[in-house]
Amino acid sequence: MNKQKEIYKYRVDETGESPKYDARLFNVLIVPDTDSIEGGSALKLKYKIQVQGDPTFGKVTFNNGVPTFTEKTA
């Protein structure tokens, strides 16, 4: 299953070494969009992203432009 991060760039904790942004992590399915198939035209693959279940809440930090998600603990 694929993962999708949703990062809130205006909800940030700037204490510590690097900023920590509030974020949510979702399990997602990527499925073909069969409603968009047209006969007689060049093949174009369109898709839909479907969220599965509840998100995992946490924080994201960036290191050299790469986001790292850390799950929130109780």
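This one's a predicted model, so the numbers in the text were calculated from it and none came from an experiment.

Peer 1: How would you summarise the overall build of the chain if you had to cite specific residues and measurements?
Peer 2: Regarding its fold elements, the chain presents zero helices and four strands. Here the chain, with 74 residues, has 14% of them falling under the buried criterion. In the chain, the proportion of contacts linking residues at least 24 apart, taken out of those at least 6 apart, comes to 42%. Only carbon and sulfur atoms are counted for the fraction: they give 50% of the accessible area of the chain, which is about 6,200 Å².

Peer 1: Outline the pattern of salt bridges, listing residues and values.
Peer 2: Pairing between side chains becomes possible if they bear opposite charge and their charged atoms approach one another. Under the counting rule described, the total for this entry stands at four salt bridges. Its salt-bridge partner being R24, residue E6 comes within 2.3 Å of it at the nearest N-O pair. In this pair, E6 is assigned in strand β1 (residues 2–13) and R24 in strand β2 (residues 20–32), connecting sequence segments 18 residues apart. In this structure E6 comes out as partly exposed when scored by relative accessible area, which is 28%. Between R11 and D22 there is a salt bridge, with the nearest N and O atoms lying 3.9 Å from each other. Within this pair, whereas R11 is found in strand β1, its partner D22 is found in strand β2, the two being separated by 11 residues in sequence. When its relative accessible area of 46% is taken as the criterion, R11 is described as partly exposed.

Peer 1: Can you break down a nonpolar patch on the surface residue by residue, with the values?
Peer 2: Taken together, the side chains of I30, Y47 and I49 define a hydrophobic patch exposed on the protein surface, amounting to about 320 Å² of accessible area. Structurally, I49 is set in strand β3 (residues 47–63). Given a relative accessible area of 47%, I49 falls into the partly exposed group.

Reading guide: rules and limits
- Along each chain, residue indices are assigned from 1 in the same order as the chain's sequence is written.
- This being a predicted model, a pLDDT of at least 70 is required before a residue's local features are given, and a value of 80 or more before pairs of side-chain atoms are given or counted; all residues contribute to the totals for chains, interfaces and linings.
- Water and hydrogen atoms play no part in the side-chain values, which are based on all heavy atoms of the structure.
- Helix numbers and strand numbers start at the N terminus; a helix is a DSSP run of H or I with at least 4 residues, a strand a run of E with at least 2.
- Summary of the burial criterion: residues with accessible area below 20% of their type's maximum are buried, those above 50% are exposed, and those between are partly exposed, where the area comes from a 1.4 Å probe applied to protein chains only.
- Contacts are assigned to residue pairs with any non-hydrogen atoms lying within 4.5 Å of each other.
- Surface accessibility follows the Shrake-Rupley procedure with a 1.4 Å probe radius. Residue values consider only the protein chains on display as shielding.
- Basic side-chain nitrogens of Lys or Arg form a salt bridge, by our definition, when they fall within 4 Å of a carboxyl oxygen of Asp or Glu.
- Patch building starts from residues that exceed 30% relative accessible area and form no salt bridge, then joins like charges within 9 Å and nonpolar side chains (Val, Leu, Ile, Met, Phe, Trp, Tyr) within 5 Å.

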